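# Understanding the architecture of this molecule
So the chains spell out like this:
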Amino acid sequence: MSSRKSASTPIDTKPNLSAAAGVPYEDPTRYRSLVGALRYLIFTRLDITYDVQLVCLFMHDPRVEHMNALKRIIRYIQDTLDYELHLYPSSTSILVSYTDADWGGCPDTRRSTSGYCMFLDNNLVSWSAKRQSTLSRSNAEAEYRANMVSESCWLRNLLLELHSPIQKATLVYYDNISVIYLFGNPVQHQRTKHIEMDIHFVHEKVARGQVRVCHVPSRYQIADIFTKGLPSSPF
């Protein structure tokens with residue numbers, strides 16, 4: 001790909017790829033090898049996390065369109081070789097996270113994609129882009145299922161064992177007002193009775209003051225990069 005065109009983003013803004021789109025790719029082993037290599041790269045290149053998890057979904061039966069999407073990721077990486085994940089000395093006083101979900105983004109299963117990123121002070125320490133295991137009936141439910149409070153609890157316990165406990169509440173930012181109301185209200189509404197009870201442990205964390213759920217405008221929602229393809233400017 002030495003004569004490749006440049007790519008300003010690793011994926012376009014069109015709807016997600018379909019498992020049955022196009023004709024089968026002629027060399028599935030090559031596709032799987034490239035995807036496997038990219039899986040190692042996302043340990044330090046969070047900007048391609050969503051795109052790599054998307055092409056991973058088709059490793060069992062890759063198509064030509066899937067390979068084209070994979071090549072776009074490579075073209076983007078070739079133009080951004082100087083991008084790095086920087087970690088700086090800082091205190092361990094606060095955890096801040098951004099969480100989002102793309103409701104029904106999968107054209108085959110209509111399942112949503114969850115994404116979050118977590119900062120320890122100014123350092124990005126955890127991030128994820130993952131297809132949800134169940135269907136969500138609304139955008140609010142999709143974002144509710146995307147909550148990363150369990151991850152923040154794990155990090156708080158880890159820091160406690162390292163003798164650096166966090167005294168302040170974890171700040172969780174959503175761009176959906178309905179989700180914020182849902183987190184703060186322990187009443188089982190008719191529209192949320194079908195959500196699994198194990199997710200509702202978040203209410204307890206909010207009540208204990210370990211978690212504060214806050215609103216952030218969509219244009220400042222950092223977690224968007226983990227849930228969907230974005231235009232070059234917001235990306």
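Model, not experiment: these values are computed from the prediction. (Residues numbered from 1 in each chain as written. Predicted model: local features only at pLDDT ≥ 70, side-chain atom pairs only at ≥ 80, totals over all residues. Heavy atoms only, no water.)

## Re the packing of aromatic side chains
Under the counting rule described, the total for this entry stands at four aromatic pairs. Pairing Y40 with F43 gives two aromatic rings, centres 6.2 Å apart and planes at 85 degrees, and the pair type is edge-to-face. Taken as a pair, Y40 and F43 share a single burial class, namely exposed. Here a set of aromatic residues connected by ring pairs shows up, and it is made of Y98, F119 and Y173. (Phe/Tyr/Trp six-rings, centres within 6.5 Å; stacked < 30°, edge-to-face > 60°. Buried < 20%, exposed > 50% of the residue type's maximum accessible area, 1.4 Å probe, protein only.)

## Here we look at empty space enclosed by the protein
Applying the stated criterion across every chain, the model contains one cavity of 30 Å³ or more. Volume-wise, the largest cavity comes out at about 50 Å³. Looking at the largest cavity, the residues that line it are T9, P10, I11, D47, Y50, D51, I225, K228, G229, L230 and F235. Residues belonging to the lining of the largest cavity are distributed by class as follows: six nonpolar, two polar and three charged. (1 Å grid on protein atoms, 1.4 Å probe; cavity = no way out; pocket = protein on both sides within 12 Å on 5 of 7 lines; lining within 4 Å. Points joined across faces, edges and corners; volume = space filled by probe spheres on them. Nonpolar A, V, L, I, M, F, W, Y, C, P; charged D, E, K, R; others polar.)

## Re helix α3 (residues 64-78)
Spanning 15 residues, α3 covers 21 Å between terminal C-alpha atoms, matching the ideal 21 Å at 1.5 Å per step. Every buried residue of α3 is accounted for by H66, M67, A69, L70, I73, I74, Y76 and I77. (Helix = DSSP H or I, 4+ residues; strand = E, 2+ residues; numbered from the N terminus. Expected span 1.5 Å × (residues − 1).)

## So, the pattern of salt bridges
Applying the stated rule across the entire model yields four salt bridges. The residue R45 makes a salt bridge to D47 at a minimum N-O spacing of 2.9 Å. According to the relative accessible area criterion, R45 is buried, its value standing at 5%. One salt bridge in this structure joins D100 and K228, with 3.4 Å as the shortest N-O distance. Here K228 lies in the segment after β5 (211-215) and D100 lies in strand β1 (residues 95-102), a separation of 128 residues in the sequence. The exposure class of D100 is buried, given its relative accessible area of 2%. Looking at K228, the relative accessible area reads 25%, which means it is partly exposed. In this structure, a network of salt bridges that share partners links the residues D100, D224 and K228. (Salt bridge = Lys/Arg side-chain N within 4 Å of Asp/Glu carboxyl O.)

## Looking at a nonpolar patch on the surface
On the surface, a cluster of nonpolar side chains totalling about 320 Å² of accessible area is made up of W154, L158 and L162. Tracing the backbone shows L158 in helix α5 (residues 149-161). For L158, a relative accessible area of 31% puts it in the partly exposed group. (Patch = residues over 30% accessible without salt bridge, like charges linked within 9 Å, V, L, I, M, F, W, Y side chains within 5 Å. Areas by Shrake-Rupley, 256 points an atom, 1.4 Å probe, with all protein chains shown as cover.)

## Structural notes on the nonpolar core
Of all hydrophobic cores here, the largest spans 37 residues; its most connected members are Y31 and Y98. The greatest single-element share of this core, amounting to six residues, is contributed by α3. Those residues in contact with Y31 that lie beyond four places of it in its chain are Y25, V55, F58, M59, P62, H66, M67 and L70. Core analysis: the next-biggest nonpolar cluster, separate from the first, contains nine residues, V149, C153, V179 and I180 among them. (Core = buried A, V, L, I, M, F, W, Y, C linked by side-chain atoms within 4.5 Å. Contact = heavy atoms within 4.5 Å.)

## Quick word on the packing of helix α2 (residues 49-56) against α3
Axes are the key here: two packed helices are described by the angle between their axes and the distance separating the axes. Look at α2 against α3: their axes get within 10 Å of each other, and the N-to-C directions meet at 155 degrees. The orientation of α2 with respect to α3, classified from their angle, is roughly antiparallel. Of the two possible hands of crossing, α2 and α3 adopt the one that is left-handed. Counted together, D51, V52 and V55 of α2 and H66, A69, L70 and I73 of α3 form the full contact between these two elements. Tallied by class, the residues present in the contact of α2 with α3 amount to five nonpolar, one polar and one charged. (Axes fitted to C-alpha atoms, helices over the stretch in contact; angles between N-to-C directions. Parallel < 35°, antiparallel > 145°, perpendicular 65-115°, else oblique. Left-handed = near helix turned anticlockwise from the far one by under 90°.)

## Considerations on the confidence of the model for the protein chain
When pLDDT is averaged along the protein chain, the result is 81; 82% of the residues meet or exceed 70. Across the protein chain, the secondary-structure element scoring lowest on mean pLDDT is helix α4 (residues 139-145), at 60, and the one scoring highest is helix α1 (residues 28-41), at 93. (pLDDT = per-residue confidence, 0-100.)

## Things to note about the layout of surface pockets
Considered as a void within the structure, the second largest pocket measures approximately 350 Å³ in volume. Contributing to the lining of the second largest pocket are 19 residues, with I11, D12, K14, L17 and A69 lying nearest its centre. The element contributing the most residues to the lining of the second largest pocket is α3, with six residues. Classifying every residue of the lining of the second largest pocket gives seven nonpolar, four polar and eight charged.

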